[in-house]
Amino acid sequence: MTSRGATSRMAAAGVALIALAGCAADVAATTAASSGAAREAPVEELATAGDVPPAVCETEALTLETAAEAHRATEGVYPASAAALVGTYLTEAPRYHELRLVSDTEVEVVPVPGAGCD
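Rules used in this analysis
- Residues numbered from 1 in each chain as written.
- Predicted model: local features only at pLDDT ≥ 70, side-chain atom pairs only at ≥ 80, totals over all residues.
- Heavy atoms only, no water.
- Helix = DSSP H or I, 4+ residues; strand = E, 2+ residues; numbered from the N terminus.
- Buried < 20%, exposed > 50% of the residue type's maximum accessible area, 1.4 Å probe, protein only.
- Contact = heavy atoms within 4.5 Å.
- Core = buried A, V, L, I, M, F, W, Y, C linked by side-chain atoms within 4.5 Å.
- Polar contact = N/O pair within 3.5 Å; in protein donor to acceptor, adjacent residues only side chain to side chain.
- Expected span 1.5 Å × (residues − 1).
- Arc of directions from axis to C-beta.
- Pairing = 2+ DSSP bridges.
- pLDDT = per-residue confidence, 0-100.

A. Expanded view of the overall build of the protein. When its secondary structure is counted, the protein shows 3 helices and 2 strands. Going from the N terminus to the C terminus, the protein shows its helices and strands as α-α-α-β-β. Within the span of the protein, comprising 118 residues, buried residues form 21% of the whole. Pairs at least 24 apart in sequence give 35% of the contacts found in the protein among residues at least 6 apart.

Printed below as a string of structure tokens:
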């Protein structure tokens, strides 16, 4: 059983820890702001601004190309669209690229106009 005094001291210690954590966050934010460090925006924000990092564009394009090739190796034909790859070869639909069938033996990964990877 905990005494009333011990409970008060534990509560006070908890409040002190919360206050210290808040101060540390304030100091980090102030330091970043004063040093001129830019805030990193989430990819979703960048996409709406049309400024998707090149690594995101390259990764998605290569992933889509690999999934299309895996579909062809398994099914014997390229998929009609990127949506046909979702669930089997991709966990979600690509945001910045789509597939374009050039012929029965060739598919091309192209950026979605205006999505940020133009």
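What follows continues from the structure just given.
B. Geometry of the nonpolar core. Counting 9 residues, the largest nonpolar core consists of Leu64, Ala67, Ala68, Tyr78, Ala82, Leu85, Leu90, Leu99 and Val107. Considering every element that reaches this core, the biggest residue donor is helix H3 (residues 54-75), with 3 residues. Ala67 has contacts with Leu85, Tyr89 and Leu90, leaving out every residue within four places of it along the chain. Grouped together as the second largest cluster of nonpolar side chains are 5 residues, Val52, Cys57, Tyr96 and Ala115 included.

C. Focus on the side chain of His97. Tracing the backbone shows His97 in strand S1 (residues 97-103). The exposure class assigned to His97 is buried, which follows from its relative accessible area of 7%. Among the polar contacts made by the side chain of His97, one reaches the side chain of Glu60 at a distance of 2.7 Å. Aside from chain neighbours lying at most four places away, what touches His97 is Cys57, Glu60, Ala61, Leu64, Val109, Val110, Pro111, Val112 and Cys117.

D. Up close: H3. Helix length check: H3, at 22 residues, gives a terminal C-alpha distance of 31 Å against a target of 32 Å (1.5 Å per residue), a fit within 8%. For H3, every residue scored as buried is listed here: Cys57, Glu60, Ala61, Leu64, Ala67, Ala68 and His71. Projected down its long axis, H3 shows its buried positions confined to an angular sector of 130°, all on one face. Exposed side of H3, more than 90 degrees from the buried face: Pro54, Ala55, Glu58, Leu62, Thr66, Ala73 and Thr74 are the residues found there. Two residues or fewer past H3, Gly76 is found with a positive phi of approximately 90°.

E. Just the pairing of S1, in detail. Of the pairings in the sheet, the one linking S1 to strand S2 (residues 106-111) comprises 6 bridges and is antiparallel in character. Opposite Arg100, over in S2, you have Glu108 as the bridge partner. Joining the antiparallel neighbours S1 and S2 is a turn of 2 residues.

F. Inspection of the confidence of the model for the protein at higher detail. Here the protein averages 74 in pLDDT, while 58% of its residues score no lower than 70. Element-level pLDDT for the protein is lowest in helix H1 (residues 4-35), with a mean of 43, against a maximum mean of 95 in H3. In the model, residues 6-35 has pLDDT below 50 throughout and makes 3 contacts with residues more than four positions away in sequence or in other chains.

G. Broad picture of the side chain of His71. With respect to the helices and strands, His71 occurs in helix H3. Separated by 2.9 Å, the side chain of His71 and the backbone oxygen of Val77 make a polar contact. Setting aside residues no more than four positions away along its own chain, His71 makes contact with Gly76, Val77, Tyr78, Pro79, Leu85 and Tyr89.

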